[in-house]
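Fold and geometry: a report
Here is what each chain is made of, one letter per residue.
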Amino acid sequence: MNKRGHVLNAVLLSIGLGYVLDPSGDVSTFATIAEVFLPVVLGALFPDVDTAFGRHRKTLHNLPVLLVFVAHPIYHGGNLQWVWLGVLTHYVLDMFGSRRGIALFYPFWDEEFGFPSGVTTSSEYAEVVTVVITALELAGVAVLVYVLPQYLPPGITRLLAENTALIA
Ligand SMILES: [Zn+2]
């Protein structure tokens, strides 16, 4: 996906996330959107830095890089929160929304993984695909937040809540 697609995805995801995490629709919803907006957009722009150095769709498009972004706010406190989500949504959009996949296990394995749902980045359907994928991501987040916890053992739910509080 191109930069425009990644920004569209990150902006819509941030707004949707505000409503999923805080459905009241009042000032606190907008505060949540304001909180996640910048880090998610910045995170979504980050992986394509590897168009300028290294190998595109490999060097910064892999799980070890995502792990660094997930781990940073956990180990270093209130810094760079939510940037990991921008990086993750970039990977999801590249894998499901564009023809070429990404090298998830780089540098250990060069193979690029993608899904046949993708279109070329110049396709006239690229934006429609981006919006559909964003809607599916938000549905996934809503399931995680509202549906899944009641089917998990209380210990795991507590552990998840504690870790989400660390990240959120
Ligand atoms: Zn990319």
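The rules behind these values
- Residues numbered from 1 in each chain as written.
- Predicted model: local features only at pLDDT ≥ 70, side-chain atom pairs only at ≥ 80, totals over all residues.
- Helix = DSSP H or I, 4+ residues; strand = E, 2+ residues; numbered from the N terminus.
- Rg over C-alpha atoms; globule rule 2.2 N^0.38 Å.
- Buried ≥ 20, exposed ≤ 12 C-beta atoms within 10 Å, placed from the backbone.
- Contact = placed C-beta atoms within 7 Å.
- Axes fitted to C-alpha atoms, helices over the stretch in contact; angles between N-to-C directions.
- Parallel < 35°, antiparallel > 145°, perpendicular 65-115°, else oblique.
- Left-handed = near helix turned anticlockwise from the far one by under 90°.
- Nonpolar A, V, L, I, M, F, W, Y, C, P; charged D, E, K, R; others polar.
- Expected span 1.5 Å × (residues − 1).
- Arc of directions from axis to C-beta.
- UniProt positions renumbered as here; feature names shortened; annotations may be inferred.

Below, the discussion takes up the overall build of the chain. Looking only at helices and strands, the chain features six helices and zero strands. Each helix (α) and strand (β) of the chain, taken in turn from the N terminus, gives the series α-α-α-α-α-α. A compact globule built from 168 residues would reach a C-alpha radius of gyration of about 15 Å, and the chain, at 16 Å, matches this within 12%. For the C-alpha atoms alone, the extent of the chain along its principal axes is close to 40 × 35 × 30 Å. Sorting the 168 residues of the chain into buried and exposed places 29% on the buried side. Restricting to contacts in the chain with at least 6 residues of sequence separation, those with at least 24 account for 62%.

This part is about the packing of helix α1 (residues 3-21) against helix α4 (residues 83-97). With their axes 10 Å apart at the nearest point, α1 and α4 run at an angle of 125 degrees to one another. In terms of orientation, α1 and α4 fall into the oblique class. The two elements α1 and α4 cross, and the hand of that crossing is right-handed. The residues of α4 that touch α1, namely those facing Gly5, His6, Asn9, Ala10 and Leu13, are Gly86, Thr89, His90, Leu93 and Gly97. Per-class residue counts for the contact of α1 with α4 are three nonpolar, seven polar and no charged.

A few words now on helix α5 (residues 126-147). Its 22 residues give α5 an end-to-end C-alpha distance of 30 Å, which sits within 8% of 32 Å, the value for a rise of 1.5 Å per residue. Among the residues making up α5, those that are buried are Ala126, Val129, Thr130, Ile133, Thr134 and Glu137. Across the axial projection of α5, the buried residues extend over an arc of 135 degrees, all falling on one side. Exposed positions of α5 whose direction lies more than 90 degrees from the buried face are Val128, Leu136, Ala139, Val143, Tyr146 and Val147.

Attention shifts here to the UniProt feature "transmembrane region" (unreviewed entry) in the chain. UniProt records the feature "transmembrane region" (unreviewed entry) for residues 59-75 and 125-148 in the present numbering. With 76% helix and 0% strand, the stretch residues 59-75 has end C-alpha atoms that lie 23 Å from each other. Note that residues 125-148 is 92% helix and 0% strand, and that its end C-alpha atoms are spaced 32 Å apart.

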